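# Residue-level structural notes
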Amino acid sequence: MAATSGVIEARNVFKAFVARSHRQQRAFLALHAVTLSVAPGRFVSFVGPSGCGKSTLLNMVAGLIRPTQGEIWYKSRPVGGINTDVGYITQDDNLLPWRTLVENVEVALEFRGVAQAERHSRAERYIARVGLAGFEHHYPHELSGGMRKRTALIRTLIYEPDVILMDEPFGPLDAQTRVILQDELLKLWEGSGKTIVFVTHDLVEAIALSDEIVLFSRAPGTIKRVYEVPLARPRDVFRVHADPRFPAFYDQLWRDLKEEISQMDLEGAVHGHG
Amino acid sequence: MATGDLAVERGAARLAAGARLLEDVERDDVVRRRRDRRSTAIGRLLFAAAFFAAWELSSGRIVDQFFVSKPSAIAASWWAMLTKESLLYHLQFTIVEALAGYLIGAVAGLIFGFALARSELVYRIVEPFVVGFYGIPRIALAPLFILWFGIGISSKIAVAAVMVFFIVFINTIAGIRAAPPQLLQVARVMGASEWDLVRKVIFPAATPFIIAALQITVPQAMIGAIVGEFISSNRGVGHLLSRAAGWLDTPGLFAGIFTLLVVVLLMNLGITSLGNHLMRWNPKHHSLKDVP
Ligand SMILES: Nc1ncnc2c1ncn2[C@@H]1O[C@H](COP(=O)(O)OP(=O)(O)O)[C@@H](O)[C@H]1O
Ligand SMILES: [Mg+2]
C-alpha cells in the first residue's frame, strides 16, 4: 500500500470514547492503530462487525470528530475542522422535512452560494437522471423510501465532491429497491473519477460495488485485511452471483469476517434478519 | 402490427378509464369537503344559539340575574358602551398595549432564545436563572412596572411583554435543542455557515415549538394589558371593567369581557394562519385522506 498517494489517509489513528454511567466514567477504544490509504477514484468498502468503529472513521474523515491520537489526512493535509470537500450520505436520509424535493436537492448549492438559475438547472438535470421528475414539489413525507434515498444521493452528487462517504446508505431499504439503487449508484459513479468510501454490512453489496474491501476486526476496530475485488468492470449488480470468481471470494471474505463476530453477535444477526 | 395497434388502443382505453376515475374521486372530495365545512359552521351556530338561549332562559329563573346577567341585557349594555362610553376609544389603547407587548415579548424571546441555546456552556450557566425567573408569578411584576414606567401605556406594554417573553423564550430554547443533531452535521459537511444553519435548519426545526408558544401567548398578552389597566389607569377596556365592577354593573362586565374575547379570537386567527403557512411541510398539519 503506497501510504503517500492516498486522497484519504489514516495514520495510526486511535479513537477513545468515554461511557458515562451513574457517577462513573469509563473510557474505551473504538479504533485501534488504524492505518489506511484510499487511492483517488477508487470505490472502497468497509466491512466489519457492528460497533467496530466504521462510522467513527467516516466521521473523522468528514471532520465531525477528531482522532484521539494519530492523524487523518485528506488530499495531503491533516483534517482540521469540518471537511466540506467531501459528500456524506448516512443511513438516515437526513432530508430537511420542511423543504420540498427540489429544495432539498439544491440546499448544498445554496450553502455554497451558487446562483439560483444555476441551482435550478443543475437540480433539474440530476432529478431527471434518477427518475424523480414530476416529484420536485413533494415534501419528504410524501415520498417513498427509495425516492428519499435517491434525493439524498443526488443532493450530495450535485455539488460534485471528489470524495463521497456513504455509511450503510441502502441499509433501511427493501431488497429490490436496494439492488436497483446499487445499480444506479454504479452508473452514476463509473467514469466520474470520484472516490467512494462505502460502509456496509452486506458482503454481496460490498463485492458487487467495490474495487477494494477493507475488513475491520471486532471492537476496538483495527484493519484486519484489505482485499482487491477480483471482478471485472463494468459490473452487473443483478448478476454478480453468476460471476465465476464470486463464490470463492465471497467464502473467503465471510470466513474472515465470521472469526470476528462473537457467538453472541451471530445469534443476534440470526434473529435480526429472521 | 394489427395486434400491436390493438394493445395500444386498449392501453389508451385503460388510461382514459383511470383518468375518469380520478376525476370522480376529486369531485367527490370537493363535495365532501364542502359538506364538512357546512356541517361545522351550522354546528357552531347551533351550539352558540343553544348556549345563549339556555343563559337567557335560566337567568332570573334558576340563577340570580344579578350575578349572571343575561345575553339581552349584555347586548344592550354593550351598545351603550359603544355609543355613550366610547368603547372603541378605550379598546384602541388595550389593543395597542396587548399587540405591542406581544410583539416586543415575542421578538425578545426569539432573539434571546437563539442567542442562548446555541452555546452549550452559556446555556448551562444561565439555565437555572431562567427557570427561576420563569417561576415568578409575572402578574406580580405589574405594580413594579407601574412604578418604573408610570401609569401610561408603556407600563401595560411592559407587563404584556413579560407575560409573552418567558413562554416564547423557553419554547424557543426547547425547539432549538430538539433540532436533530444529524441534520446539523450533514448540513455542516455540505458547507453550511453558522448563519445558514440557524436560518435553514435550526429555525425551521424549532417552528413547531415557536408557533405553539406564539399561539398560547396571545391571551397572555391580553391578560398583561388588562391587569396593568386594573391596577391603575384611566383608559382602556380594563379601566371600563373595573369601573363597571365598582358600579356592580354585571351586564357591563360581561360586555367588556365579550369584547376582549372577540379581540383575542381575531389575534389568534392571524397567528394560526401564519403557523399553518410555516408548518405546511409537517405531515401532522396535512389531512391526507385516502379514498375508500
Ligand atoms: N459520539 C460517541 N460517543 C460515545 N461513544 C461512541 C460515539 N460514537 C460511537 N461510539 C462508540 O464507538 C463504537 C464504534 O461505533 P461506530 O463507529 O458507530 O461503529 P460501526 O459504525 O462500525 O457499527 C461503539 O461502541 C459506539 O458505541
Ligand atoms: Mg455505523
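Since the structure is predicted, the reported quantities are computational estimates derived from the model, not experimental observations.

Rules used throughout
Residues numbered from 1 in each chain as written. Chains lettered and ligands numbered in written order. Predicted model: local features only at pLDDT ≥ 70, side-chain atom pairs only at ≥ 80, totals over all residues. Pairing = 2+ DSSP bridges. Helix = DSSP H or I, 4+ residues; strand = E, 2+ residues; numbered from the N terminus. Axes fitted to C-alpha atoms, helices over the stretch in contact; angles between N-to-C directions. Parallel < 35°, antiparallel > 145°, perpendicular 65-115°, else oblique. Left-handed = near helix turned anticlockwise from the far one by under 90°. Contact = placed C-beta atoms within 7 Å. Nonpolar A, V, L, I, M, F, W, Y, C, P; charged D, E, K, R; others polar. Near = placed C-beta within 6 Å. Core = buried A, V, L, I, M, F, W, Y, C linked by C-beta atoms within 7 Å. Buried ≥ 20, exposed ≤ 12 C-beta atoms within 10 Å, placed from the backbone. pLDDT = per-residue confidence, 0-100.

### Let's talk about the sheet that holds strand β7 (residues 163-167) of chain A
Residue and element names in this part refer to chain A.
- On the basis of which strands lie adjacent, the open sheet formed by 6 strands has the order β6-β7-β8-β3-β9-β10 and mixed pairing. Both edges of this open sheet fall to β6 (86-89) and β10 (223-228), since each of them pairs with a single strand only. Pairs of neighbouring strands in the sheet enclose a mean axial angle of 15°, with direction left out of account.
- Pairing of β7 with strand β8 (residues 195-199), which is carried by 5 bridges, proceeds in the parallel orientation.

### What to know about the packing of helix α2 (residues 101-111) of chain A against helix α3 (residues 116-129) of chain A
Residue and element names in this part refer to chain A.
- Taken N-terminus to C-terminus, the directions of α2 and α3 make an angle of 130°; their axes are 10 Å apart at the nearest point. Taken together, α2 and α3 sit at an angle that is classed as oblique. Remark: the crossing between α2 and α3 carries right-handed chirality. Taken together, the residues of α3 that come into contact with α2 (itself represented by Val102, Val105, Glu106, Leu109 and Glu110) are Arg119, Arg122, Ala123, Tyr126 and Ile127.
- Across the contact of α2 with α3, the residue classes break down as 6 nonpolar, no polar and 4 charged.

### Comments concerning the site of ligand 1
- With respect to spatial proximity, the complete set of residues near ligand 1 consists of Phe17, Ala30, Ser50, Gly51, Cys52, Gly53, Lys54, Ser55, Thr56 and Ala219 of chain A.
- Of the residues contributing to the shell around ligand 1, the split by class is 4 nonpolar, 5 polar and 1 charged.

### Here's the deal with the pairing of strand β2 (residues 24-38) of chain A
All names here are of chain A.
- Sheet topology note: the strand β1 (residues 8-21)/β2 ladder contains 11 bridges and is antiparallel. The residue of β2 that forms the bridge with Ser21 is Gln24.
- Here β1 folds back onto β2, and the loop between the two strands holds 2 residues, one of which, Arg23, carries a positive phi near 60°.

### Let's talk about the nonpolar core
- The biggest cluster of nonpolar side chains holds 123 residues, and the ones touching the most others in it are Val61, Leu165 and Val197 of chain A together with Ala160, Val164, Val168 and Ala221 of chain B.
- Counting residues per element, this core draws most heavily on helix α7 (residues 153-177) of chain B, which supplies 16 residues.
- The residues contacting Leu165 of chain A, other than those within four sequence positions of it, are Leu58, Val61, Ala62, Val86, Gly87, Tyr88 and Val197 of chain A.

### Description of the packing of helix α3 (residues 71-84) of chain B against helix α11 (residues 250-278) of chain B
Residue and element names in this part refer to chain B.
- Viewed as axis vectors pointing N to C, α3 and α11 meet at an angle of 75°, and their least axial separation amounts to 8 Å. The angle between α3 and α11 places the two elements in the roughly perpendicular class. Residues Ala73, Ile74, Ser77, Trp78 and Met81 of α3 form the contact with α11, whose participating residues are Pro251, Gly252, Phe254, Ala255 and Phe258.
- Partitioned by chemical class, the residues of the contact of α3 with α11 number 8 nonpolar, 2 polar and no charged.

### Concerning the confidence of the model for chain A
- On average, residues of chain A carry a pLDDT of 91, and 94% of them reach 70 or more.
- Every residue in residues 270-274 of chain A scores below 50 in pLDDT, and together they form 0 contacts with partners more than four places removed in sequence or on other chains.

### Structural notes on the interface of chain A and chain B
- Taken together, the contacts link 19 residues of chain A with 15 residues of chain B.
- Looking at the side of chain A that touches chain B, the elements with two or more residues in it are β6 and α2 of chain A.
- Considering every element that reaches the side of chain A that touches chain B, the biggest residue donor is α2 of chain A, with 3 residues.

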